[in-house]
Amino acid sequence: MIRLEPRAAPSKLMATLSPLIAILLTLIAGALLFAALGQNPWRALRVYFLSPFDDAYMRAEVLVKAVPLALMGAGLAVCFRANVWNIGAAGQFTLGAIGAGAAALFIPAESPFAMLAVPLIAGALCGMAWAAVPAALRTRLGVNEILVSLMLTYVAALLLDWLVRGPWRNPRGFGFPQTNAFPDWAHAPILVEGTRLHVGAFLAVAAALGLGLMMSRTLRGLRLRVTGGAPRAARFAGFSAAGDVWFALLLSGGLAGLAGALEATSTVGRLQPEIGAQAGFTAIIVAFLGRLNPIGALLGALVLAVSAIGGENAQILLNLPKNVAGVFQGMLLFFLLACDALINYRPRLVARRRA
Amino acid sequence: MEAFFAAMIVAATPLLFAALGELVAERSGVLNLGVEGMMLVGAVCAFIVALSTGSTALGAFAGAAAGVAMAGLFALLALGFSANQAAAGLALTIFGGGLSGLLGASYVGVPLPKAQPLFPASWAEAIPYGKAIFGYDAMVYLAWASAAAIWWFLARARSGLKLRAAGDNAESGHALGLPVLRIRLLAVLFGGAMAGLGGAYLSLAYTPMWGEGMTAGRGWIALALVVFAGWRVGWAAAGAVLFAAVTQLQFYAQGWGWRAPSQFWAAAPYLATILALALLAGRRTAGSAPAALGRIFRPSS
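Description of the structure in this document. None of these values were measured; they are calculated from a predicted model.

Reading the values: rules and limits
Residues numbered from 1 in each chain as written. Chains lettered and ligands numbered in written order. Predicted model: local features only at pLDDT ≥ 70, side-chain atom pairs only at ≥ 80, totals over all residues. Heavy atoms only, no water. Helix = DSSP H or I, 4+ residues; strand = E, 2+ residues; numbered from the N terminus. Rg over C-alpha atoms; globule rule 2.2 N^0.38 Å. Buried < 20%, exposed > 50% of the residue type's maximum accessible area, 1.4 Å probe, protein only. Contact = heavy atoms within 4.5 Å. Buried area = accessible area lost by both parts, 1.4 Å probe. Salt bridge = Lys/Arg side-chain N within 4 Å of Asp/Glu carboxyl O. Polar contact = N/O pair within 3.5 Å; in protein donor to acceptor, adjacent residues only side chain to side chain. Nonpolar A, V, L, I, M, F, W, Y, C, P; charged D, E, K, R; others polar. Patch = residues over 30% accessible without salt bridge, like charges linked within 9 Å, V, L, I, M, F, W, Y side chains within 5 Å. Areas by Shrake-Rupley, 256 points an atom, 1.4 Å probe, with all protein chains shown as cover. Phe/Tyr/Trp six-rings, centres within 6.5 Å; stacked < 30°, edge-to-face > 60°. Lys NZ or Arg CZ within 6 Å of the ring centre and 35° of its normal. 1 Å grid on protein atoms, 1.4 Å probe; cavity = no way out; pocket = protein on both sides within 12 Å on 5 of 7 lines; lining within 4 Å. Points joined across faces, edges and corners; volume = space filled by probe spheres on them. Expected span 1.5 Å × (residues − 1).

1. Section: the overall build of chain B
Next up, step 1: Counting its secondary structure elements, chain B contains 13 helices and zero strands.
Next up, step 2: A globule of 301 residues ought to have a C-alpha radius of gyration of about 19 Å, and chain B, at 19 Å, matches this closely.
Next up, step 3: For the C-alpha atoms alone, the extent of chain B along its principal axes is close to 60 × 45 × 40 Å.
Next up, step 4: Sorting the 301 residues of chain B into buried and exposed places 57% on the buried side.
Next up, step 5: Counting contacts in chain B only where the partners sit at least 6 residues apart, residues at least 24 apart contribute 78% of the total.

2. Here we look at the interface of chain A and chain B
Next up, step 1: On the chain B side, the residues contacting the 39 residues of chain A number 43 residues.
Next up, step 2: For the pair chain A and chain B, the summed buried area comes to about 3,400 Å², and 84% of that belongs to carbon and sulfur atoms.
Next up, step 3: Considering only the surface of chain A that becomes buried against chain B, Leu 147, Met 151 and Phe 334 of chain A emerge as the three largest contributors, covering 20% of it.
Next up, step 4: The interface formed by chain A and chain B includes one salt bridge.
Next up, step 5: Among the ionic pairs, Lys 322 of chain A bridges to Glu 212 of chain B, the shortest N-O distance being 3.6 Å.
Next up, step 6: Viewed at the interface, chain B and chain A are joined by three residue pairs in polar contact (both at pLDDT 80 or more).
Next up, step 7: Taken together, the elements giving at least two residues each to the side of chain A that touches chain B come down to α5 (117-141), α6 (145-165), α11 (279-289) and α13 (324-344) of chain A.
Next up, step 8: Class assignment for the residues of the side of chain A that touches chain B results in 32 nonpolar, four polar and three charged.

3. Examining helix α11 (residues 218-228) of chain B
Residue and element names in this part refer to chain B.
Next up, step 1: A large share of α11 lies buried, amounting to ten of its eleven residues.
Next up, step 2: Those residues of α11 not exposed but buried are Arg 218, Gly 219, Trp 220, Ile 221, Ala 222, Leu 223, Ala 224, Leu 225, Val 226 and Phe 228.
Next up, step 3: Phi for Gly 230, located one or two positions after α11, is positive at around 60 degrees.

4. Thoughts on the environment of Gly 73 of chain A
Residues and elements named next belong to chain A.
Next up, step 1: One can find Gly 73 in helix α3 (residues 56-81).
Next up, step 2: Look at Gly 73 and you get buried, because its relative accessible area is 0%.
Next up, step 3: Here the alpha-carbon distance between Gly 73 and Val 118, two residues 45 residues apart in the chain, equals 23 Å.
Next up, step 4: Residue contacts for Gly 73: discarding those within four places in its chain leaves Ala 283, Val 286, Ala 287 and Ala 297.

5. Thoughts on the pattern of salt bridges
Residue and element names in this part refer to chain A.
Next up, step 1: Evaluation of the coordinates by the stated rule reveals nine salt bridges over all chains.
Next up, step 2: Between Arg 223 and Asp 244 there is a salt bridge; the shortest N-O distance is 3.4 Å. With Arg 223 in helix α8 (residues 219-229) and Asp 244 in helix α10 (residues 241-268), the pair connects residues that are 21 residues apart, well separated along the chain. Judged on exposure class, the residue Arg 223 and its partner Asp 244 are both buried.
Next up, step 3: Within this structure, Arg 220, Arg 223 and Asp 244 form a network of salt bridges that share partners.

6. Digging into a nonpolar patch on the surface
Next up, step 1: A surface patch of nonpolar side chains, amounting to about 380 Å² of accessible area, comprises Leu 24, Leu 25, Ile 28 and Leu 32 of chain A.
Next up, step 2: With respect to the helices and strands, Leu 32 of chain A occurs in helix α1 (residues 12-36).

7. With respect to the packing of aromatic side chains
Next up, step 1: Within this structure, the stated rule accounts for 17 aromatic pairs over all chains.
Next up, step 2: Taken together, a centroid distance of 5.1 Å and an interplanar angle of 75 degrees make the contact between Phe 119 of chain B and Tyr 141 of chain B edge-to-face. Placement of Phe 119 of chain B in the loop between α4 (85-104) and α5 (121-126) and of Tyr 141 of chain B in helix α7 (residues 138-156) is noted, with a sequence separation of 22 residues between them.
Next up, step 3: Looking at Phe 119 of chain B, the relative accessible area reads 23%, which means it is partly exposed.
Next up, step 4: Among the aromatic residues, ring-to-ring pairing joins Phe 34, Tyr 48, Phe 49 and Phe 328 of chain A into one connected group.
Next up, step 5: If you follow Arg 220 of chain A out to its NZ or CZ, it ends over the ring of Phe 247 of chain A, 4.4 Å from the centre.

8. Observations regarding the environment of Val 35 of chain B
Residues and elements named next belong to chain B.
Next up, step 1: Position of Val 35 relative to the elements: it lies in helix α2 (residues 35-53).
Next up, step 2: Since its relative accessible area comes to 1%, Val 35 is described here as buried.
Next up, step 3: Taking the C-alpha atoms as reference, Val 35 lies 7.1 Å from Ala 18; in sequence the two are 17 residues apart.
Next up, step 4: Those residues in contact with Val 35 that lie beyond four places of it in its chain are Ala 18, Glu 22, Thr 93, Ala 195, Gly 219 and Leu 223.

9. Remarks on empty space enclosed by the protein
Residues and elements named next belong to chain B.
Next up, step 1: Tallied over the full model, the rule gives one cavity of 30 Å³ or more.
Next up, step 2: The computed volume of the largest cavity comes to approximately 40 Å³.
Next up, step 3: When contributions to the lining of the largest cavity are tallied by element, the ones reaching two or more residues are α3 (56-80) and α10 (180-206).

10. Points about the side chain of Asn 323 of chain A
Next up, step 1: As for its position among the elements, Asn 323 of chain A is in the loop between α12 (294-317) and α13.
Next up, step 2: Residue classification places Asn 323 of chain A among the buried residues on the basis of a relative accessible area of 9%.
Next up, step 3: Polar contacts involving the side chain of Asn 323 of chain A include one to the side chain of Glu 212 of chain B, which spans 3.2 Å.
Next up, step 4: Apart from residues lying up to four places away in sequence, Asn 323 of chain A is in contact with Gly 98, Gly 101, Leu 102 and Glu 212 of chain B.

11. Digging into α2 of chain B
Residues and elements named next belong to chain B.
Next up, step 1: Helix length check: α2, at 19 residues, gives a terminal C-alpha distance of 26 Å against a target of 27 Å (1.5 Å per residue), a fit within 8%.
Next up, step 2: In terms of burial, α2 is a largely internal element, 15 of the 19 residues being buried.
Next up, step 3: Positive backbone phi, approximately 75 degrees, marks Gly 54, located one or two places after α2.

Here it is as structure tokens:
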């Protein structure tokens, strides 16, 4: 049998290789899954992972998908690194969309506030407010932030549902549950003519690089890493755990809100019950694929965006159910966690012995 | 009122199954956040088996087995590879959501005959409020019987004591010769079986059909139930009933003339969960978490 033996020091090589090994294992398991579904595995994998690069529009769509994943993944990487488990990014994303939607729908075009920054800031603030609930409950009362942030995801989805079916519904929308289309000023400028790729892509890159620098070069970054990795040491150093919990949750909530605001204003262009909040859960995998490093999360976002677009293509070309994407994501996270064991442990083949 | 009471007991059943299973796993020191995923896979497997065999019992069995298989995946990661338990549980929930959707894709909307009451109808009619006592299917009684059995096991049985030792101080338990990892493995697998049964109850009896994501956060509410029950069986059962009452509000509130948008009543269980967690937090009377909960343990020798 195989035994895991602790290494004297974490392996640097494995820290770099483990995400790549995990992706490789996911591809192998994916091929088996496709074969089990009666597909030609090579063809299915090609559709999943290469077809998103087939033409310029599709490549732009990959980046469009990657923007919210990168924004949320970078925030969650910081959060998880600090051992704060915000798994409600989907809810903060939804609130961001609602906040941005309120600004876009109710600020008149002639107002001096009728500019893109306003809905984006409103969205980020709403996301932060939604994340402030688990932050306050954890720091004040010691309530588990995992459960609170997740419960608020359901509440956010129902709030959005109520708004678009009730008070904010477009009366001339033929009964569809959706708001009026947002005005042009609330749309982020398009980067490449003929695609949906907007300047939000720069925001995602800036957020990832900025947070990457913060984590490696600033005192705040050090505090978060110590609080997460060695809480006792952090207490001796006099770091306030409460301050770090607030920082981590507000940061990740704000970025999720911003992602939701960008999605609502610039990708969807109105509010409707389905605005892609599921990305908040995918972003958890993005953060882990980036080894809880914000810059790594940027690369992780690209990988998952490719598989998301590939999954949509597979639905059309191969008639595969859309849930295959969820299976893939779950498998990827399984393999990532298993491969991370290689960083701290050395696998060794030993003869089975009787205990 | 009798109808509301019966609806409440029925709605409490999936929560009770899942919360009891998670309670046992957590008392052994393992936090499995994958309850929602295990319930979903349990629900879809139970539905498929019940539909193709025509047997509710076989369906329930398949649900439990599917939960065990899912829990085995979690155990491989969290116990075998010493992975972070929170992350492994999230992976299980994401994987379970996808897998259940994939397995059930061709079964959406197919009706299934509802699970029949365990006792003959004449019993329920023989006494006042008989329906509230004898009107349920077998799984409801199974859930309550297992609550009693688990209470006895944790409080009185020798093996229950060992399980609690693994959850409170793994190192000392190991030093005393307890097979900590094996105890935790069994506790996690049991948790999977119970979560699978909880899911099976949803797709076989509560709403006898399969719908994607039909657990609607019940796995997470079950996790919350364990916390505010203070890891005690009786309180978890009481909590399940209380929460079931809140989930039933969306069907009864309009009839009682309580005016609010339907989305508000649908959100009520989630808001109530947060409220309950906040109100019960920090109370010393509320019981306390197993000391080694969520901590990775690797035997040194």
